Amino acid sequence: MIKEGIAVNFKNTFPALANENFRYFWLGQCISFLGTWMQRAAQQWLVYTITKSALLLGVLGVAQFSPILLFSLFAGVFVDRYPKKKIILITQTALMLQSFLLALLVWTGHVRYWQVLFLATIMGLANTLDMPARQSFFIDLVGKKDLTNAIALNSAIVNLARITGPTIAALLMANFGASFCFLFNAVSFIPAIIGLNLAKPITNDSNSIPKKQENVFASIIEGLKYILSKPILLIAVAVMLAVGTFAMNMEVIFPVFADKALHKGVHGYGFLLSANGLGSLAGSFWMAARSKMGPSIKYLFISSLILSLLLITINFIHFYILTLIISAVLGFSSIIFMMTVNSTIQLNTNNRYRGRIMSVYTLAFAGTTPLGNLFAGSITEKYGPGIGFLMCGAVTGILVLFIMIISLIGLKRDQLED
């Protein structure tokens, strides 16, 4: 009876896992995400050890995320016009090859800063297509009913990887070098590709693909008009744009903060990222448990404001244990924010526009990273990592408050007109 009760509770909490096709996809991603976060941590530390420059760390972000900034809107049209599963298979293969090349360069001792920038650009190009296609693919696997739960479960494995990945990467880098991190990531794409091949969508992509395909620019404009016509989408995208640009620059500042402010080196850097991932994992499970309640705009504003306040607070704290705790709470707040935005957008979007709308989400979340990384990197370079965190938090908070006030004014105006 106890086992049956546990099984029922598990099924009620994680209904998306009852779907066999989602399980195939999800299990493959479990291993792949671990490799991804190992590579992300290793790549940041590799560049910092080569250059010793926060600004050049910011330039790395520019190389990796500029393709998303430049091409994500076009990618959205592509995702709406072609089968998402095939797109993801192509992008995952490209990412695997990129990781193999980086591992080879580091292992042979021939790695140079410009090579890392070039390969980061290749990664960015692949992710420009991969991110909106993968986000749009969840509803094809589980349907609308379990969509929020599927997003939460996907977020859970991302953040479990964020906990373990940087720690494993730090240990491997300290004992064997960064090449093993990049090699592990390359190999980790194999189970992801196998799981994707086994997964069979419950909805047919071709049903939502228009038979008459209009001009690409016209399709982009149509998607943007759709967002403007729905206030809930516009609010979610606007807040995501503010937070994605200015708050999500921790990877640029953390290596410098661990080294210069905390004096903990690569191990301290790894544990800061892991603490952030632990908080995000807790947030993912919390959101999964309440997925049946649906997303709330209230959580969107509250979580983003807490995020900005925590970034400001780090400037005044140089005690390592307390910084780890704040990093964990940062992770908790950021994942609640991101999942709320993601679910709000997907549940309020027509399938016909899903690829384009998720490409706008991708643009707001990751496409503005080059601007944010340059902002954070240049301030950190000139004034130190503490001020870097302070300015990122302050700008984020001001923008979110402005959007919240405008939204409330608009809501009151609509109520008066009614």
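Scoring rules and cut-offs
- Residues numbered from 1 in each chain as written.
- Predicted model: local features only at pLDDT ≥ 70, side-chain atom pairs only at ≥ 80, totals over all residues.
- Heavy atoms only, no water.
- UniProt positions renumbered as here; feature names shortened; annotations may be inferred.
- Helix = DSSP H or I, 4+ residues; strand = E, 2+ residues; numbered from the N terminus.
- Rg over C-alpha atoms; globule rule 2.2 N^0.38 Å.
- Buried < 20%, exposed > 50% of the residue type's maximum accessible area, 1.4 Å probe, protein only.
- Contact = heavy atoms within 4.5 Å.
- Core = buried A, V, L, I, M, F, W, Y, C linked by side-chain atoms within 4.5 Å.
- Domains from an automatic or database assignment.
- Buried area = accessible area lost by both parts, 1.4 Å probe.
- Salt bridge = Lys/Arg side-chain N within 4 Å of Asp/Glu carboxyl O.
- Patch = residues over 30% accessible without salt bridge, like charges linked within 9 Å, V, L, I, M, F, W, Y side chains within 5 Å.
- Areas by Shrake-Rupley, 256 points an atom, 1.4 Å probe, with all protein chains shown as cover.
- Axes fitted to C-alpha atoms, helices over the stretch in contact; angles between N-to-C directions.
- Parallel < 35°, antiparallel > 145°, perpendicular 65-115°, else oblique.
- Nonpolar A, V, L, I, M, F, W, Y, C, P; charged D, E, K, R; others polar.
- Expected span 1.5 Å × (residues − 1).

Per an unreviewed UniProt entry, the protein chain is named Major facilitator superfamily MFS_1, and its organism is Desulfofarcimen acetoxidans. Turning to the protein chain, the UniProt record has this under Subcellular location (unreviewed entry): "Cell membrane".

Across its full length, the protein chain carries 17 helices and zero strands. Against the 2.2 N^0.38 benchmark of 22 Å for 418 residues, the protein chain shows a C-alpha radius of gyration of 21 Å, consistent with a compact globule. Principal-axis analysis of the C-alpha atoms places the extent of the protein chain at approximately 60 × 55 × 50 Å. Within the span of the protein chain, comprising 418 residues, buried residues form 59% of the whole.

Let us look at the environment of Gly143. With respect to the helices and strands, the residue Gly143 is situated in the loop between α5 (113-142) and α6 (147-175). Here the alpha-carbon distance between Gly143 and Ala16, two residues 127 residues apart in the chain, equals 9.3 Å. Other than its neighbours up to four places away in sequence, Gly143 contacts Phe138 and Ile202.

Right, let's talk about the side chain of Gln44 for a bit. Tracing the backbone through its elements, the reader meets Gln44 in helix α2 (residues 20-51). A relative accessible area of 6% means that Gln44 is categorised as buried. In this structure, Gln44 is in contact with Leu57, Leu60, Glu251, Val252 and Tyr269, ignoring residues within four places of it in sequence.

Counting residues in hydrophobic clusters, the biggest one holds 119 residues, and the most contacted among them are Phe22 and Ile345. Phe22 has contacts with Ala16, Leu17, Phe138, Leu141, Val142, Ala150 and Leu153, leaving out every residue within four places of it along the chain.

Right, let's get into the domain arrangement of the protein chain. Assigned domains within the protein chain: domain 1 (14-203) and domain 2 (214-417). One C-alpha centre belongs to domain 1, the other to domain 2; they are set 19 Å apart. In this assembly, 50 residues from domain 1 lie in contact with 58 residues from domain 2. Note on domain 1 versus domain 2: buried area summed over both sides is about 4,900 Å², and carbon and sulfur give 69% of it. Our enumeration of links across domain 1 and domain 2 arrives at one salt bridge. Asp80 is the partner of Arg356 in a salt bridge, and the nearest nitrogen-oxygen pair spans 2.8 Å. Of all the secondary structure elements, the ones that give two or more residues to the side of domain 1 that touches domain 2 are α2, α3 (54-81), α5 and α6.

A contiguous nonpolar surface patch, about 1,100 Å² in accessible area, is contributed by Leu69, Leu70, Phe71, Phe74, Trp114, Phe118, Ile122, Leu125, Val216, Phe217 and Leu371. At the level of elements, α3, α5 and α9 (216-229) are the ones that each hand at least two residues to the nonpolar patch. Structurally, Phe217 can be placed in helix α9. Its relative accessible area of 52% is what places Phe217 among the exposed residues.

With their axes 7 Å apart at the nearest point, α3 and helix α15 (residues 354-367) run at an angle of 170° to one another. In terms of orientation, α3 lies roughly antiparallel with respect to α15. In this structure, α3 uses Phe65, Ile68, Leu69, Ser72, Leu73, Gly76, Val77, Val79 and Asp80 to contact α15, whose residues at the interface are Arg354, Gly355, Arg356, Ser359, Val360, Thr362, Leu363, Ala366 and Gly367. When the residues that make up the contact of α3 with α15 are grouped by side-chain class, the tally is nine nonpolar, six polar and three charged.

Tracing the backbone shows Asn373 in helix α16 (residues 369-383). On the basis of relative accessibility, which here comes to 5%, the residue Asn373 falls in the buried class. Apart from residues no more than four positions distant in its own chain, Asn373 is found in contact with Gly58, Gly61, Val62, Phe65, Asn249 and Val252.

Attention now goes to the pattern of salt bridges. One pass over the full model with this rule turns up five salt bridges. In this structure, Asp130 engages Arg134 in a salt bridge whose closest nitrogen and oxygen atoms are separated by 2.7 Å. Here Arg134 and Asp130 lie together in helix α5, a separation of four residues that amounts to about one turn. Between Arg356 and Glu222 there is a salt bridge; the shortest N-O distance is 2.9 Å. Taken together, the residues span a long stretch of sequence, with Arg356 in helix α15 and Glu222 in helix α9 at a distance of 134 residues. One network of salt bridges, with partners in common, ties together Asp80, Glu222, Arg352 and Arg356.

In an α-helix, one full turn covers 3.6 residues, which means residues spaced three or four apart are oriented alike. Relative to the 16 Å expected for twelve residues at 1.5 Å per residue, helix α11 (residues 250-261) spans just 14 Å between its end C-alpha atoms, considerably shorter than the ideal helical length. Burial within α11 is extensive, with ten of its twelve residues counted as buried. When we look at burial in α11, the residues that qualify are Met250, Glu251, Val252, Ile253, Phe254, Pro255, Val256, Phe257, Ala258 and Ala261.

So, on to unusual backbone geometry. You will see that Lys52, though not glycine, has its phi angle at about 55°, which is positive. By secondary structure assignment, the location of Lys52 is in the loop between α2 and α3. Residue class for Lys52 comes out exposed when judged on its relative accessible area of 52%. In this structure, His263 is a non-glycine residue whose phi angle is positive, near 60°. On the secondary structure map, His263 appears in the loop between α11 and α12 (265-289). Residue His263 is classed as exposed on the basis of its relative accessible area of 62%.

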